[in-house]
Amino acid sequence: MAKGYGRWTVVNHMPSAIALSPQPSAMSRIGLIAGNGRFPFLVLDAARGAGHDVTVIALNDETFPALADAAARRPAAALHWISLGQLGACIKLLKEAGVTQAVMAGQVKHSKLFDIRPDMTLLGVLMRVRAKNTDALISAIADVLRDHGIELLNSTAFLAPLMAREGMLTARHPTPDERADLEFGYRVADAIAGLDIGQTIAVKSSAVVAVEAMEGTDRVIARAGELAGRGVVIVKVAKPNQDMRFDVPVVGVSTIDAMNAAAATVLSVDAGKTLMIDGEAIIRAADEAGICIVGRESAAKARNHEI
């Protein structure tokens, strides 16, 4: 049973499934556009486990090669390799497979945005978007997919049990100083995320130690440890209008390992909008390291508590 603790609720378990929208159609053909990391592996297994016929579009130099072996396991999923800029080929392959719904899972290195070799379909997208940031580009790609009869689903549509729950997720709670750093960090992190700069900051003694740009969370944590030493608080947030179809915040055991190496002591993630890719293993790793993990409640709930 949970109990109240300040603005947070104490919990010691991962969440049960929660409803997300849009939802995949029952027993449909699903396309999986796979970036790097383990996220695509989880989506592939979950979609097949739900009875869907999956077609995988893998990106050269991004998607882990082992995904081909995973796709070959029964029930086998067709897998096609394309280059990052081949949007037309991606659409053609999905349509030939009869796909009407697709999921983007896994990251593409942000620096690749400067080195895309677009086909004519993607070139048309690039000519229409003003900003070349991730949100603008992928949102425009989602529009093109929809124009071709392919709806882009929430990237976590098959992984609801792995979404972070609000409250204290670990045995250790933040100290008063750490709680003050969290409150300070939320204001700064939300502002930075709203500007589409990054989704992670490191704070110590109500001072910003490090800010994420294109380098990724683990490198921000390492830099913060080098700059400020023990006791850094890591705040990872969703964007104010987070599009759950892509670029969803993700943490894993590797995040805890990076924090442990940097002697960081607290991790905050946004409940319901952060994928805890290793599930309970993240909580166990944090407890073993004496790290506190907080699932921040939604802004709407926080406002209701203030009324």
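Predicted, not measured: the structure shown is a model, and the values here were computed from it.

Novice: I'd like to hear about the overall build of the protein chain, residue by residue, with values.
Specialist: Summing up its helical and strand segments, the protein chain has ten helices and 15 strands in all. Excluding contacts between residues fewer than 6 apart, the proportion of contacts in the protein chain whose partners are at least 24 apart in sequence is 76%. Roughly 14,200 Å² of accessible area belongs to the protein chain as shown, and the carbon and sulfur atoms make up 54% of that amount.

Novice: Hey, could you go over the sheet that holds strand β3 (residues 29–34) for me, with residue numbers and the actual values?
Specialist: Within a sheet, neighbouring strands are paired by backbone hydrogen bonds and run either parallel or antiparallel to one another. On the basis of which strands lie adjacent, the open sheet formed by five strands has the order β5-β4-β3-β6-β7 and parallel pairing. Looking along the sheet, the strands with just one partner apiece sit at the ends: β5 (78–82) and β7 (151–152).

Novice: Account for the pairing of β3, with residues named and values stated.
Specialist: Among the six residues of β3, five are classified as buried, and the element is accordingly described as predominantly covered. Relative to strand β4 (residues 53–59), β3 is paired through six bridges, and the arrangement is parallel. What sits directly across from leucine 32, in β4, is valine 56. The handedness of the β3 to β4 crossover, carried by helix α1 (residues 39–49), is right-handed.

Novice: Can you tell me about the nonpolar core, naming the residues and giving the values?
Specialist: Across soluble globular proteins, nonpolar side chains show a tendency to be buried alongside one another. If you look at the biggest cluster of nonpolar residues, it comprises 27 residues, and the most contacted ones within it are Leu94, Leu122, Val125 and Ile141. For this core, the elements supplying multiple residues, two or more each, are β4, α3 (87–96), β6 (101–105), α4 (120–128) and α5 (134–147). At seven residues, the largest contribution of residues to this core is made by α5. Sequence-distant contacts of isoleucine 141, that is, excluding residues within four places in its chain, are made with Leu87, Met104, Leu122 and Val125.

Novice: Go over the environment of alanine 89, please, and point to the residues and values.
Specialist: Turning to its location among the elements, alanine 89 is positioned in helix α3. When the C-alpha atoms of alanine 89 and threonine 121 are compared, they prove to be 8.9 Å apart, with 32 residues separating the residues in sequence. Alanine 89 has contacts with Ile82 and Asp119, leaving out every residue within four places of it along the chain.

Novice: I'd like to hear about the packing of α4 against α5, residue by residue, with values.
Specialist: Running from amino to carboxyl end, α4 crosses α5 at an angle of 125°, the nearest separation of the two axes being 10 Å. Put simply, α4 runs oblique to α5. Relative to α5, the crossing made by α4 is right-handed. When α4 is examined against α5, the residues Thr121, Leu122, Val125, Leu126 and Arg128 are found in contact with a partner set consisting of Leu137, Ala140, Ile141 and Val144.

The rules behind each value
Residues numbered from 1 in each chain as written. Predicted model: local features only at pLDDT ≥ 70, side-chain atom pairs only at ≥ 80, totals over all residues. Heavy atoms only, no water. Helix = DSSP H or I, 4+ residues; strand = E, 2+ residues; numbered from the N terminus. Contact = heavy atoms within 4.5 Å. Areas by Shrake-Rupley, 256 points an atom, 1.4 Å probe, with all protein chains shown as cover. Pairing = 2+ DSSP bridges. Buried < 20%, exposed > 50% of the residue type's maximum accessible area, 1.4 Å probe, protein only. Right-handed = clockwise from strand over helix to strand, strands pointing away. Core = buried A, V, L, I, M, F, W, Y, C linked by side-chain atoms within 4.5 Å. Axes fitted to C-alpha atoms, helices over the stretch in contact; angles between N-to-C directions. Parallel < 35°, antiparallel > 145°, perpendicular 65-115°, else oblique. Left-handed = near helix turned anticlockwise from the far one by under 90°.

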